[in-house]
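Here are the chains, one letter per residue:
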Amino acid sequence: DLDVIKNHVSVKKIVEQVQNAIIVAPQCRYNSWFDVFGELLSLARKIYDMPFTDKTRFYGSGVSMGGYAMFQLMESEPRLFAAGIICCGGGMYWNAERLKNIPLRLFHGAKDEIVYPEESKRMYEKITAFGGNAQLVVFPECDHNCWDKTFGNSENVDWLLKQEKKIK
């Protein structure tokens, strides 16, 4: 549903700030990203392998259920990603070592009762325990929608765009 994407505050903010980029924003048509993970992984690989893709600046972001999916994508294919921003998500923290070479900014609302802040905290703690480069911001007065606050701050997108990975 392109209207949902076009009108999503975080997508609008990113589009306002980014020049010369391709933004892919898949939506989950089910109640779980598990049902479409194979398709999502294939899509990420296909876009990464396109001749126009700058492989040093391939980023990932996700909010809520999409945050879980993005963590899983990054754990499944860490070689693809230069950096990421994940809002109110969580992941398979026992695989967090696979994220240690991906700079990450994690955001969560302290009053989130849909995805508890402990999910982001656990991922942050595990990533940093493995020597990873992760930052965690918990907004004290925010509930589940922390993405408006995250992407409303242009410093976060600026940070993301400065991240580049070295291709071996």
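Every chain is numbered independently, its residues counted from 1 as its sequence is written. Given that this is a predicted model, residues contribute local features only at a pLDDT of at least 70 and side-chain atom pairs are listed and counted only at 80 or more, while totals for whole chains, interfaces and linings are drawn from all residues. Based on all heavy atoms of the structure, the side-chain values leave hydrogens and waters out of the count.

## Focus on the state of the cysteines
Here's step 1: What counts as a disulfide here is a pair of cysteine sulfur atoms lying within 2.5 Å. Per the counting criterion, the structure on display carries zero disulfides.
Here's step 2: Between cysteine 87, a free cysteine, and cysteine 146, which holds the nearest cysteine sulfur, the sulfur-to-sulfur gap is 4.3 Å.
Here's step 3: Left without a disulfide partner, cysteine 88 is nearest to the cysteine sulfur of cysteine 146, which lies 4.2 Å away.

## So, unusual backbone geometry
Here's step 1: Residues other than glycine seldom take positive phi values, yet serine 64 does so here, at roughly 60°.
Here's step 2: Accessibility here uses a 1.4 Å probe with only protein chains present; expressed as a share of the type maximum, an area under 20% marks a residue as buried, one over 50% as exposed, and anything in between as partly exposed. We classify serine 64 as buried; its relative accessible area is 16%.

## Notes on the layout of surface pockets
Here's step 1: Space inside and on the surface of the protein is sampled on a 1 Å grid over the protein atoms alone, with a cavity defined as a set of points where a 1.4 Å probe fits but cannot get out and a pocket as an open set with protein on both sides within 12 Å along at least 5 of 7 lines; lining residues have an atom within 4 Å of a point. Grid points are joined across faces, edges and corners, and a volume is the space filled by probe spheres set on the points. Here the second largest pocket is characterised by a volume of approximately 240 Å³.
Here's step 2: Tyr48, Pro78, Arg79, Phe81, Ala82, Arg98, Asn101, Ile102, Lys165, Lys166, Ile167 and Lys168 are the residues that line the second largest pocket.
Here's step 3: The class makeup of the residues in the lining of the second largest pocket is six nonpolar, one polar and five charged. Three residue categories are used. Nonpolar comprises Ala, Val, Leu, Ile, Met, Phe, Trp, Tyr, Cys and Pro, charged comprises Asp, Glu, Lys and Arg, and polar comprises the others, including Gly.

## Description of the packing of helix α3 (residues 37-49) against helix α4 (residues 65-76)
Here's step 1: Running from N to C, α3 and α4 cross one another at 60°; their axes reach a closest spacing of 11 Å. For the element pair α3 / α4, the angle class is oblique. Regarding α3 and α4, the two cross each other, and that crossing is right-handed. Contact residues: Phe37, Leu40, Leu41 and Ala44 in α3; Ala69, Gln72, Leu73 and Ser76 in α4. Helix axes are fitted to C-alpha atoms over the stretch in contact, other axes to C-alpha atoms as well, and angles between N-to-C directions run from 0 to 180 degrees. What counts as a helix is a DSSP run of H or I of at least four residues, what counts as a strand is a run of E of at least two, and both are numbered from the N terminus. What sets the label is the angle itself: under 35 degrees gives roughly parallel, over 145 gives roughly antiparallel, 65 to 115 gives roughly perpendicular, and the rest give oblique. Two helices that cross are described as forming a left-handed crossing if the nearer one is turned anticlockwise from the farther one by less than a right angle, and a right-handed crossing if clockwise. Only heavy atoms enter the contact rule, under which two residues are in contact if any of them lie within 4.5 Å.

## Points about the pairing of strand β3 (residues 104-109)
Here's step 1: Burial within β3 is extensive, with six of its six residues counted as buried.
Here's step 2: Here β3 shows a buried face lined by Leu104, Leu106 and His108 and a second buried face lined by Arg105, Phe107 and Gly109.
Here's step 3: We treat two strands as partners when DSSP finds at least two bridges between them. Pairing analysis gives six bridges linking β3 to strand β4 (residues 134-139), with the strands arranged parallel. What sits directly across from histidine 108, in β4, is valine 138.
Here's step 4: If you view a crossover with the strands going away from you and the path from the first strand over the helix to the second runs clockwise, you call it right-handed. Remark: the β3/helix α5 (residues 117-129)/β4 crossover connection has right-handed handedness.

## As for a nonpolar patch on the surface
Here's step 1: Residues enter a patch when their relative accessible area is above 30% and they make no salt bridge; the linking distance is 9 Å between like charges and 5 Å between nonpolar side chains (Val, Leu, Ile, Met, Phe, Trp, Tyr). Each accessible area is a Shrake-Rupley estimate made with a 1.4 Å probe; only the visible protein chains count as cover when residues are assessed. A pairing counts as a salt bridge when a side-chain nitrogen of Lys or Arg comes within 4 Å of a carboxyl oxygen of Asp or Glu. Residues Ile22, Val24, Leu43 and Phe52 make up a contiguous nonpolar surface patch of roughly 370 Å² in combined accessible area.
Here's step 2: Tracing the backbone through its elements, the reader meets leucine 43 in helix α3.

## Re the sheet that holds strand β2 (residues 83-87)
Here's step 1: Spatially, the four strands line up as an open sheet ordered β1-β2-β3-β4, and their pairing is parallel. Unpaired on one side and paired on the other, β1 (59-63) and β4 mark the two borders of the sheet. Within this sheet the neighbouring strands show an average axis-to-axis angle of 10°, counted without direction.
Here's step 2: The sheet contact formed by β1 and β2 spans five bridges and is parallel. Looking across to β2, one finds that tyrosine 59 is bridged to alanine 83.
Here's step 3: Where α4 meets the sheet, its contacts fall on β1, β2 and β3, and the angle it forms with β1 comes to roughly 150°.

## Brief notes about the environment of lysine 121
Here's step 1: Along the chain, lysine 121 falls in helix α5.
Here's step 2: Residue classification places lysine 121 among the partly exposed residues on the basis of a relative accessible area of 31%.
Here's step 3: Sequence spacing of lysine 121 and histidine 108 is 13 residues, and the spatial spacing of their C-alpha atoms is 8.8 Å.
Here's step 4: Aside from chain neighbours lying at most four places away, what touches lysine 121 is Leu136 and Val138.

Purely geometric stuff here, so don't read any function into it on its own.
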